[in-house]
Amino acid sequence: MISNPNIISACKLVVILISLQSIIPVFAITQSSEEHNHEIHCSRERSRTAYKIIEEYLIPFVEQENYELSHKCKLHPGNDMFRDQEEHKIHMDVNEWRCGYCKKSFRAEKFLDQHFDNRHYNLLNVSHNCLADLCGALHCDHVANSVVPKTKCNPAAAARNRHLCESLADSCFPVHQGPSASRLHELFLRQFCDAHTCSGNVKPFLRGGRKHTNIFYLSISILILILLPVFYVIVFLMQREMRKGTQVLRRISKPSLKKKPS
């Protein structure tokens, strides 16, 4: 039997170390799983593009028809899981973005996105839709890429995107709900679905989108309206001075009447 206290303490230490070795991996796995639980398999950037397309090329026509989108419709702007966070972005300057929740500032929007993912995950509405899943139907790549890559069209992918597009038209604008829904159903097919083909003859968004006021032309118009009256006043004053000068010259150049000899 071991009676040396030092040996007994050493044995206890070894037992504790062995126990910790078995506990640490479990803790690491648990911590890792908790971190992975915060991962959202939905692209924030593509969801943002999809939202902009809906706002630009669909909502103006919906508003024109006074049609109310059902909340069951995947295209409803309120169904975007990132919508609340996107609305809490404050664009202060070219290189300054601010978090609307905690007022922290960032140099670029991508850093603010990372901040939302890390610090405000609890404010993400994960029960709502991932708009990025609709990008195939909405032509996100066409909008995101300023230069369309010259890649061979995949007929299977085009057919799959067209099917998704037509299912959105059927669910969001059921033709049996009246004339407005029927017109919007037809518009959605022309605006989005017809371009899902490998023929290359049809481009998306043929009906156009929201009309934007050009700030440059608006500024020029205002400037012209301000300067035009000034210009006419100057012209009027110049013409008046010219008339006065002409009258003076006529007086000077008029020959004096000679007296007849008696």
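If you're wondering where the values come from, they're calculated on a predicted model, not measured in any experiment.

Draft legend 1. Representation of the overall build of the chain in the model. When its secondary structure is counted, the chain shows ten helices and three strands. Reading the chain from its N terminus to its C terminus gives the helix and strand order α-α-α-α-β-β-β-α-α-α-α-α-α. Of all 262 residues assigned to the chain, the portion counted as buried reaches 27%. Within the chain, contacts between residues at least 6 apart in sequence are counted, and of these 64% link residues at least 24 apart. Counting only carbon and sulfur atoms, one obtains 59% of the accessible surface of the chain, whose full area is about 19,300 Å².

Draft legend 2. Broad picture of the packing of aromatic side chains. A complete count under the given rule lists six aromatic pairs for this structure. Judged by centre distance (5.7 Å) and plane angle (50°), the rings of Tyr-67 and Phe-173 are tilted. One end of the pair, Tyr-67, is in the loop between α3 (59-64) and α4 (83-87); the other, Phe-173, is in the loop between α8 (155-172) and α9 (179-193), and 106 residues separate them in sequence. Grouping residues by exposure puts Tyr-67 and Phe-173 together as buried. Measuring from centroid to centroid gives 4.6 Å for Phe-188 and Phe-192, while their planes differ by 35°, and the two rings are tilted.

Draft legend 3. Local environment of unusual backbone geometry. Look at Asn-66: it is not a glycine, yet its phi comes out positive at around 55°. With respect to the helices and strands, Asn-66 occurs in the loop between α3 and α4. In the Ramachandran plot, Phe-205 falls in the positive-phi region, its phi being about 65° despite a non-glycine side chain. Structurally, Phe-205 is set in the loop between α9 and α10 (215-253).

Draft legend 4. Broad picture of the pairing of strand β2 (residues 96-99). Every second residue of β2 is oriented toward a common face, the buried set being Trp-97 and Cys-99 and the non-buried set Glu-96 and Arg-98. Strand direction decides the pairing type here: strand β1 (residues 89-93) and β2, joined by four bridges, are antiparallel. Within β2, the residue paired with Asp-93 across the bridge is Glu-96. Hairpin connection from β1 to β2: two residues lie between these consecutive antiparallel strands. One ladder, built from two bridges, connects β2 with strand β3 (residues 105-106); its direction is antiparallel. Directly across from Arg-98, in β3, lies its bridge partner Ser-105. Between β2 and β3, which pair antiparallel and follow one another directly, the connecting turn spans five residues, one of which, Lys-103, has a positive phi of 65°.

Draft legend 5. Highlighting the side chain of His-76. Counting through the fold element by element, His-76 comes out in the loop between α3 and α4. Under the relative-accessibility criterion, His-76 is labelled buried at 15%. Polar side-chain contacts of His-76 include one of 2.9 Å to the backbone nitrogen of Gly-78. The contacts of His-76, once residues within four sequence positions are left out, are Leu-69, Ser-70 and His-71.

Draft legend 6. The arrangement of the packing of α8 against α9 in detail. Packing of α8 against α9 leaves a shortest axis separation of 9 Å and a crossing angle of 160°. Classified by the angle their axes make, α8 and α9 are roughly antiparallel. Handedness of the α8/α9 crossing: right-handed. Side by side, α8 and α9 meet where Arg-162, Cys-165, Glu-166, Leu-168, Ala-169 and Asp-170 of the first sit next to His-185, Phe-188, Leu-189, Phe-192 and Cys-193 of the second. Split by residue class, the contact of α8 with α9 holds seven nonpolar, one polar and three charged.

Draft legend 7. Region of the structure containing α9. Between its terminal C-alpha atoms α9 stretches 20 Å, which fits the 21 Å expected from 15 residues at 1.5 Å a residue. Those residues of α9 that sit buried are Ala-181, Leu-184, His-185, Leu-187, Phe-188, Leu-189, Gln-191, Phe-192 and Cys-193. Here the buried face of α9 lies against α2 (44-57), α3, α6 (135-138) and α8.

Conventions we followed
Residues numbered from 1 in each chain as written. Predicted model: local features only at pLDDT ≥ 70, side-chain atom pairs only at ≥ 80, totals over all residues. Heavy atoms only, no water. Helix = DSSP H or I, 4+ residues; strand = E, 2+ residues; numbered from the N terminus. Buried < 20%, exposed > 50% of the residue type's maximum accessible area, 1.4 Å probe, protein only. Contact = heavy atoms within 4.5 Å. Areas by Shrake-Rupley, 256 points an atom, 1.4 Å probe, with all protein chains shown as cover. Phe/Tyr/Trp six-rings, centres within 6.5 Å; stacked < 30°, edge-to-face > 60°. Pairing = 2+ DSSP bridges. Polar contact = N/O pair within 3.5 Å; in protein donor to acceptor, adjacent residues only side chain to side chain. Axes fitted to C-alpha atoms, helices over the stretch in contact; angles between N-to-C directions. Parallel < 35°, antiparallel > 145°, perpendicular 65-115°, else oblique. Left-handed = near helix turned anticlockwise from the far one by under 90°. Nonpolar A, V, L, I, M, F, W, Y, C, P; charged D, E, K, R; others polar. Expected span 1.5 Å × (residues − 1).

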